[in-house]
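# Reading the structure
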Amino acid sequence: MTLNFIKGILSYSKTELNLKACLRGGQSFRWFISDHDQNEFTGVIRGKIFTFKQMEESIEYTVHYNQQITKNIGNIDQELKDYFHLNENLADLYSNWSQKDEKFRLRIEQYGCVLNGIRVLRLDPVENLFSFICSSNNNIKRITQMVNNMCSHFGDLIGTLNDKNYYTFPSIDRLCHKDVEDKLRKLNFGYRAKFIHQAALYIKNNFDEQWLFSLRQKNYNETVNELVKIPGIGKKVADCISLMSLDKLEAIPVDTHVLNLARNMYHFVPKEAKKSLSDKTYREIADSFRQMWGKYAGWAQTVMFIDDLVEFKKEKINQLEKKEKVALKRSVSDTIMTPKKNLKKIKSKN
């Protein structure tokens, strides 16, 4: 199968768009790091295979597409601006959150190399919804495996790149087929298999795929109230979908990471409170963050969520070690230079 391709450059520095944090930080589960270059990422956006290479001051990209699937390639730069929310001034947002929240400011100062450049993705609502049904009681590695299994078994083959097959995300119609639940159970989806099938049937029988997109026009509360009616979607998953694909940047998904953040760093809940959340406590935590960070609170929470992920802890340790080495060199340099400075002063006095 022959794939067409085009190349381009996004003129955004790493502090404006941090690919690893955005693509591997628990928002989308379809991105893979290259075996030969840790700054190169390949995945699928809306039926096209994208490869990004992170540079310090820009991002190089290559788009491979199958003309039988993508009839009109469109404006790729505009599509990526939409996908990464590039019309938002990230420096202004970080500055605003830092002024409102001293703890946020200190984390950015300490781990800026890892935490700068984080953006909320604007995902396809269908992909986002079914991906996060997989997220219940799960971790990023296993969710990634599940989502890509769902694509390879029920999506359409886009093509092969570097010996790896890439697929479209399955349509709601395909996920309504009778064989879906049984196949997903055989793929170790467990109880999520039933919810994926039931969610697809609920949307098809009551609405259509475009209904999900129409939720972008509703307010936050209306959107969440509609989403929680879908089988397999509770408050947290509804907030994830609202934040990452339905333009509700004030949505705060309260999971164990955010609960720990609220309890241990911000003291929004008593330390002795149970790990499980009541609806009342969930709302209180989310409202506390919204009151502190403002209308883009969900975006600020995404930065703090990624700060807590294991995958990024090694990078943060490396950044601290570099800072310590620089500080040590300066200290040694000052120690060596001080006697010379004193000697000059003595000579000048004489």
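To start, this report covers the structure provided alongside it. Treat the numbers as computed from the prediction; the structure is a model and nothing was measured.

The full count for this structure, using the stated rule, is 18 aromatic pairs. With 5.7 Å between their ring centres and 25 degrees between their planes, Phe-50 and Phe-52 make a pair best called stacked. The buried category is assigned to Phe-52, whose relative accessible area is 1%. Where Tyr-83 meets Phe-84, the ring centres are 5.1 Å apart and the plane angle is 90 degrees; that geometry is what we call edge-to-face. As far as burial versus exposure is concerned, Tyr-83 and Phe-84 are alike and both buried. The side chain of Lys-164 reaches across the aromatic face of Tyr-166, ending 5.8 Å from its centre. A cation sits over an aromatic face here: Lys-194 above Phe-195, 5.3 Å from the ring centre.

Turning our eyes to something else, we now look at unusual backbone geometry. With a phi angle near 50 degrees, Arg-46 is a residue other than glycine that sits in the positive phi range. Note that Arg-46 resides in the loop between strand E3 (40-45) and strand E4 (48-54). Of note, the phi angle at His-267 is positive, near 60 degrees, even though the residue is not glycine. Tracing the chain through its elements places His-267 in the loop between helix H13 (256-265) and helix H14 (279-293).

Attention shifts here to the pattern of salt bridges. Applying the stated criterion across every chain, the model contains 19 salt bridges. For the salt bridge of Asp-307 with Arg-107, the shortest nitrogen-to-oxygen distance reads 2.9 Å. Placement of the pair is Asp-307 in helix H15 (residues 297-307) and Arg-107 in helix H4 (residues 102-115), with a sequence separation of 200 residues. In this structure, Asp-307 and Arg-107 share a single accessibility class: buried. A cluster of three or more residues bridged by salt bridges with shared partners is formed by Arg-46, Lys-48, Glu-79, Asp-82, Arg-122 and Asp-247.

Criteria and thresholds
Residues numbered from 1 in each chain as written. Predicted model: local features only at pLDDT ≥ 70, side-chain atom pairs only at ≥ 80, totals over all residues. Heavy atoms only, no water. Phe/Tyr/Trp six-rings, centres within 6.5 Å; stacked < 30°, edge-to-face > 60°. Buried < 20%, exposed > 50% of the residue type's maximum accessible area, 1.4 Å probe, protein only. Lys NZ or Arg CZ within 6 Å of the ring centre and 35° of its normal. Helix = DSSP H or I, 4+ residues; strand = E, 2+ residues; numbered from the N terminus. Salt bridge = Lys/Arg side-chain N within 4 Å of Asp/Glu carboxyl O.

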